[in-house]
Amino acid sequence: MSVLGRSTDGHSRLRARSYHRTVLTADTIRRAPKALLHDHLDGGLRPATIVDLAAEFGYRGLPTTDVDDLAVWFRRGADRKSLELYLETFVHTVGVLQEREAIVRVAAECTEDLAADGVVYAEVRYAPELSTEKGLTLDEVIEANLEGFRLGADRAAAAGRAITMKVLVTAMRQAARSVEVAEAAIRWRDAGVVGFDIAGPEAGYRPTRHLEAFDRIRHENFHITIHAGESFGLPSIWEALQFCGAERLGHGVRIVDDIAVAPDGTVSLGRLAAFVRDRRVPLEMCPTSNVHSGAAAAVAEHPIDLLRRLRFRVTLNTDNRLMSNVSLSSEFAALDEAFGIGLGEMEWLTINAMKSAFAPFDERLALINEVVKPGYAHLRGEAARAVVASGPAGA
Ligand SMILES: [Zn+2]
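Keep in mind that this is a model prediction, so the values were computed, not measured.

Criteria and thresholds
- Residues numbered from 1 in each chain as written.
- Predicted model: local features only at pLDDT ≥ 70, side-chain atom pairs only at ≥ 80, totals over all residues.
- Buried ≥ 20, exposed ≤ 12 C-beta atoms within 10 Å, placed from the backbone.
- Helix = DSSP H or I, 4+ residues; strand = E, 2+ residues; numbered from the N terminus.
- Arc of directions from axis to C-beta.
- Pairing = 2+ DSSP bridges.
- Axes fitted to C-alpha atoms, helices over the stretch in contact; angles between N-to-C directions.
- Parallel < 35°, antiparallel > 145°, perpendicular 65-115°, else oblique.
- Left-handed = near helix turned anticlockwise from the far one by under 90°.
- Contact = placed C-beta atoms within 7 Å.
- Core = buried A, V, L, I, M, F, W, Y, C linked by C-beta atoms within 7 Å.
- Right-handed = clockwise from strand over helix to strand, strands pointing away.
- pLDDT = per-residue confidence, 0-100.
- Nonpolar A, V, L, I, M, F, W, Y, C, P; charged D, E, K, R; others polar.

Participant: Would you mind going over helix H9 (residues 178-187) with me for this structure?
Facilitator: For the α-helix, the turn length of 3.6 residues means that residues three or four positions removed from each other point alike. Every buried residue belonging to H9 is among Ser178, Val181, Ala182, Ala184 and Ala185, and all of these are buried. Axial view of H9: buried residues confined to an arc of 160 degrees, hence all on one face.

Participant: Just checking my understanding: could you explain the sheet that holds strand E5 (residues 225-228) for this structure?
Facilitator: For sheets, the rule is that strands pair by backbone hydrogen bonds, running either parallel or antiparallel. The strand order across the open sheet formed by four strands is E5-E6-E9-E10, and the pairing between neighbours is parallel. The sheet is open, and its two edges are formed by E5 and strand E10 (314-316), each paired on a single side. Within this sheet the neighbouring strands show an average axis-to-axis angle of 30 degrees, counted without direction. Pairing geometry for strand E6 (residues 248-251) and strand E9 (residues 283-285), over two bridges, is parallel. For Leu249, the partnering residue across the bridge sits in E9 and is Leu283.

Participant: Can you walk me through the sheet that holds strand E1 (residues 34-40) in this structure?
Facilitator: An order of E1-E2-E3-E4 is seen for the four strands of this open sheet, with the pairing classed as parallel. Lying at the two open borders of the sheet, with one neighbouring strand each, are E1 and strand E4 (193-199). Adjacent strand axes in the sheet meet at a mean angle of 25 degrees when their direction is disregarded. By the bridge criterion, six bridges tie strand E3 (residues 164-172) to E4 in an arrangement that is parallel.

Participant: I keep staring at the packing of helix H3 (residues 47-57) against helix H4 (residues 67-78) and nothing clicks. Help me out?
Facilitator: In a pair of packed helices, the angle between the axes and the distance between the axes together describe the arrangement. Running from N to C, H3 and H4 point in directions that differ by 110 degrees, and their axes come no closer than 8 Å. Considered as vectors, H3 and H4 are oriented roughly perpendicular to each other. Crossing hand, H3 versus H4: right-handed. Contacts from Pro47, Ala48, Ile50 and Val51 of H3 reach H4 at Val67, Leu70 and Ala71.

Participant: Sorry if this is basic, but what is going on with the environment of Ala182 here?
Facilitator: Mapped onto the fold, Ala182 is located in helix H9. In this structure, the C-alpha to C-alpha distance between Ala182 and Phe196, residues 14 residues apart in sequence, is 6.6 Å.

Participant: Explain the nonpolar core to me, please; I cannot follow it from the model alone.
Facilitator: Across soluble globular proteins, nonpolar side chains show a tendency to be buried alongside one another. With 105 residues, the main nonpolar core has Val119, Ile163, Val167 and Val169 as its most contacted residues. No other element matches the nine residues that helix H7 (residues 100-116) contributes to this core. Once you skip the residues sitting within four places of it in the chain, Val167 turns out to touch Val124, Ile142, Asn145, Leu146, Phe149, Gly192, Val193 and Val194.

Participant: Got a minute to help me understand the pairing of E3 in this structure?
Facilitator: A regular strand places its side chains so that they alternate between the two faces of the sheet. Of all nine residues that make up E3, eight are buried, and the element is covered over most of its length. Relative to E3, strand E2 (residues 119-126) is paired through six bridges, and the arrangement is parallel. By the bridge assignment, Glu123 is partnered in E3 with Lys166. Of the crossover connections in this fold, the one passing from E2 over helix H8 (residues 138-158) to the parallel E3 is right-handed. In terms of handedness, the path from E3 via H9 over to E4 forms a crossover that is right-handed.

Participant: I'm lost on the confidence of the model for the protein in this one. Help?
Facilitator: Caution applies to low-pLDDT parts of the model: their predicted coordinates are not meant to be read in detail. Averaged over all residues, the pLDDT of the protein equals 91, while 93% of them reach at least 70. Below pLDDT 50 for its whole length, residues 1-21 participates in 24 contacts with residues either more than four positions away or in separate chains.

Participant: Is there a simple way to think about the environment of Ser231 in this case?
Facilitator: Along the polypeptide, Ser231 turns up in the loop between E5 and helix H11 (234-242). Apart from residues lying up to four places away in sequence, Ser231 is in contact with Leu83, Glu202, Ala203, Ser293 and Ala295.

Participant: Quick question: what am I supposed to make of the packing of H7 against H8 here?
Facilitator: One way to put it is that H7 packs onto H8 with a least axis distance of 7 Å and a crossing angle of 40 degrees. With respect to H8, the axis of H7 lies oblique. Relative to H8, the crossing made by H7 is right-handed. Contact with H7, carried on its side by Arg100, Ile103, Val104, Arg105, Val106, Ala107, Ala108, Glu109, Cys110, Thr111, Glu112 and Ala115, involves Glu140, Val141, Ala144, Asn145, Glu147, Gly148, Phe149, Leu151, Gly152, Ala153, Arg155 and Ala156 of H8 and no other residues of that element. Partitioned by chemical class, the residues of the contact of H7 with H8 number 13 nonpolar, four polar and seven charged.

This is how it looks when you write it as structure tokens:
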């Protein structure tokens, strides 16, 4: 099929939007209401907290106890162009997440950090099986996670920043506990858990290994997102959607392998890519993380640009704020720098995320109508006034 018109239109709109780039400052991006669907609890610890927790709970494995050196170590460790190597750094964040108090603290700080970054809705995921080394049960880990989010949201609200926090419960794809983990996720669904995911090395661990867990979730009318199409290609995405019942794709970036762009700009979608676009399957895209794990060469070359121009249901996410040294605001800034997205596209990406969230419909609608849309309208008003004030020369 040809979508040449759409593609050309996308290019011309991109050029027009570069006009807005002077007003999309770091402050505007931070103040804009944002929604986050793909962020790992064990990928977002504050370096200082890791050092504190290691001392408090006797974790001796850290490569350094200097906070600045540790932050640099995580970043260097992550930027090695391989998903498997990227995942190695998590040994230390998981190492300090073996006690209830540690999980509560990290979850509360995660909430405060996201709220300070202008995030108004977040689904943060964690694999409870990773915190059971010292005897915590899956339920105890999930309870601690939820308690931390509640505490953090209270503190953020007291500071004037309302945020809604939800938990996604993850099972590790290379392990064999997914059914147990899925059942635990279902037990906590009315307390703030909104869905189930599998994560970890993708090559060699296809989603259908965990079919029984996905069946449990679906039979309970619960929600599924699956890390698929990050480091591994189309078969993983196909299985996630057509066998496991994924409603969203974690990354899903390799869907571009099913899209051909001819030299004249004509775009053809294969059956799977067409299905993903037609059914509005949300893509939880994390450009900087993909650059670090080697799935993309640079943000400016990331398929997110093609996919958003083709109007796939694209959402923008952080993945691992510590390892990739990003925030949702810095991801938006990177996208604006690379593609000149402007406020209009930022709002579109945010509404895409809110539409794709696993929170109940009325909760999502309230956030869209009462927080997201008024927030962007306000920022557009500010931008228009700034243009008028600076006059034609400044424009
Ligand atoms: Zn992820």
